Amino acid sequence: MTCAARDFFAGVGLLFRGFGLVFNSPRRLLAGAVPALITTLLMLGGLVLIAFTVVDITHWLTGFANGWGQGVRGLLQVAIGVSIVACYLGVSVLLFTAISLIIGGPFYEYIAEQVEDELGGVPEAERVSWWRCALIGARDAVLFLVMSLSLAVMLLLAVWLPLIGQTVVPAVVVGVNAYLLGIELTAIPFARRGHSLKARHRALSQHRAMVLGFAVPAYLLCLIPFAALLVIPAAMAGGTVLAHRLITGHELRPAYRSVRG
């Protein structure tokens, strides 16, 4: 097995470890589920709005095809409609985490602090205030939304490319969005050490396969309706372990072994 493959599966293991850390503590599960529930209701409202307007949007976008045959025009409208819904779902996963950070910063800092205490603690850790969590979430939301919308445009433009539009492009979109999600999920552990977004990105980019192994399944699970209620708290815990592992440069402190056990 190659080094990249080992790192990828190690990342998958970190997500499962996050589930274990959260489900072993009802308090952590509840702390993570409260902001996730509020965000879920907001995202569902957006999805309902999309469902009621997607037909009108596709008709407007395909106005140039009014002279085409009905069958071809119908297929085009279906493809664009599916792409719009898929783009919303993809972007909503990133927005979900960012909005959850804005709403529930103290809840997620509690999870991060609890997990890192079990991993050996963070000497001289900074207290991440609610306002700072909100600022981090808002900044990441804007930055990642711009990047995700750029990918969404690429998906819409490439949907009709033979084979590539149906396989390669969606895979690239999932990979990039998942990586961005991984950056979001490690925000608080890095912030508690005073590290900037640039430093966070640099540290994660050096272990891209591990980050993708952790973030891709988390991202895909969040696409399942209501799954984010449980996935996001677990992913926050797993992201804390991932950040701790990358920042400290060693993964097997005594307390860490006990968490694994």
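See the structure printed just above.
Criteria and cut-off values
- Per-chain numbering applies: the sequence of each chain, read as written, is numbered from 1 onward.
- Note on the predicted model: pLDDT of at least 70 is required for a residue's local features to be given, and 80 or more for side-chain atom pairs to be given and counted; whole-chain, interface and lining totals, by contrast, use all residues.
- Computation of side-chain values covers all heavy atoms of the structure but excludes hydrogens and water.
- Two aromatic rings from Phe, Tyr or Trp, using only the six-membered ring of Trp, form a pair when their centres are within 6.5 Å; if the ring planes differ by under 30 degrees the pair is stacked, by over 60 it is edge-to-face, and anything between is tilted.
- By the criteria applied, helices consist of DSSP H or I runs no shorter than four residues and strands consist of E runs no shorter than two, each listed in order from the N terminus.
- For every residue, the accessible area obtained with a 1.4 Å probe (protein chains only) is divided by the maximum for its type, and the residue is called buried under 20%, exposed over 50%, and partly exposed between those limits.
- This arc is taken over the directions from the axis of the helix to the C-beta atoms.
- Between Lys or Arg on one side and Asp or Glu on the other, a salt bridge is scored when a side-chain nitrogen of the former is within 4 Å of a carboxyl oxygen of the latter.
- We call a set of buried residues a nonpolar core when its members are Ala, Val, Leu, Ile, Met, Phe, Trp, Tyr or Cys and they connect through side-chain atoms within 4.5 Å of each other.
- In this description, contact between two residues means that some pair of their heavy atoms is separated by no more than 4.5 Å.

Colleague: Can you lay out the packing of aromatic side chains for me, pointing to particular residues and giving the numbers?
Modeller: Any two aromatic rings considered together are summarised by their centre-to-centre distance and by the angle between their planes. Within this structure, the stated rule accounts for 2 aromatic pairs. Aromatic side chains Phe8 and Phe9 sit 5.7 Å apart centroid to centroid with 90° between the ring planes, which places their arrangement in the edge-to-face category. Ring centres of Phe19 and Phe23 lie 6.0 Å apart, and the angle between their planes is 25°; on these two criteria the pair is classed as stacked. Pair noted here: Phe19 and Phe23 are both in helix α1 (residues 3-23), with a separation of 4 residues, about one helical turn. Since its relative accessible area comes to 21%, Phe19 is described here as partly exposed. Overall, Phe23 belongs to the partly exposed group, its relative accessible area being 42%.

Colleague: Can you break down helix α7 (residues 197-205) residue by residue, with the values?
Modeller: For α7, the set of buried residues is Leu197, Ala199, Arg200, Ala203 and Leu204. Projected down its long axis, α7 carries its buried residues within an arc of 160°, all on one side.

Colleague: Tell me about the pattern of salt bridges, residues and numbers included.
Modeller: Scanning all chains against the criterion turns up 1 salt bridge. Glu118 is the partner of Arg28 in a salt bridge, and the nearest nitrogen-oxygen pair spans 2.2 Å. Here Arg28, found in helix α2 (residues 26-61), pairs with Glu118, found in helix α3 (residues 70-118); they are 90 residues apart in sequence, far enough to count as distant. By relative accessible area, which is 5% here, Arg28 ends up buried.

Colleague: Break down the environment of Arg200 for me, citing the residues and quoting the values.
Modeller: Inspection of the secondary structure puts Arg200 in helix α7. Sequence separation between Arg200 and Ala243 is 43 residues; the distance between their C-alpha atoms is 8.7 Å.

Colleague: An account of the nonpolar core is requested, with residue identities and associated values reported.
Modeller: Of all hydrophobic cores here, the largest spans 43 residues; its most connected members are Tyr108, Val115, Leu204, Phe214, Ile232 and Leu242. Put simply, the parts of the chain that give this core at least two residues each are α1, α2, α3, α5 (168-185), α6 (187-191), α7, α8 (208-222) and α9 (228-248). In terms of residue count, the dominant contributor to this core is α9 (10 residues). Not counting the four nearest positions on each side in its chain, Val115 is found in contact with Leu21, Ala237, Thr240 and Val241. Membership of the second largest hydrophobic core comes to 6 residues, among which are Ile50, Val54, Leu76 and Ile80.

Note that all results are geometric; they support no functional claim without further evidence.
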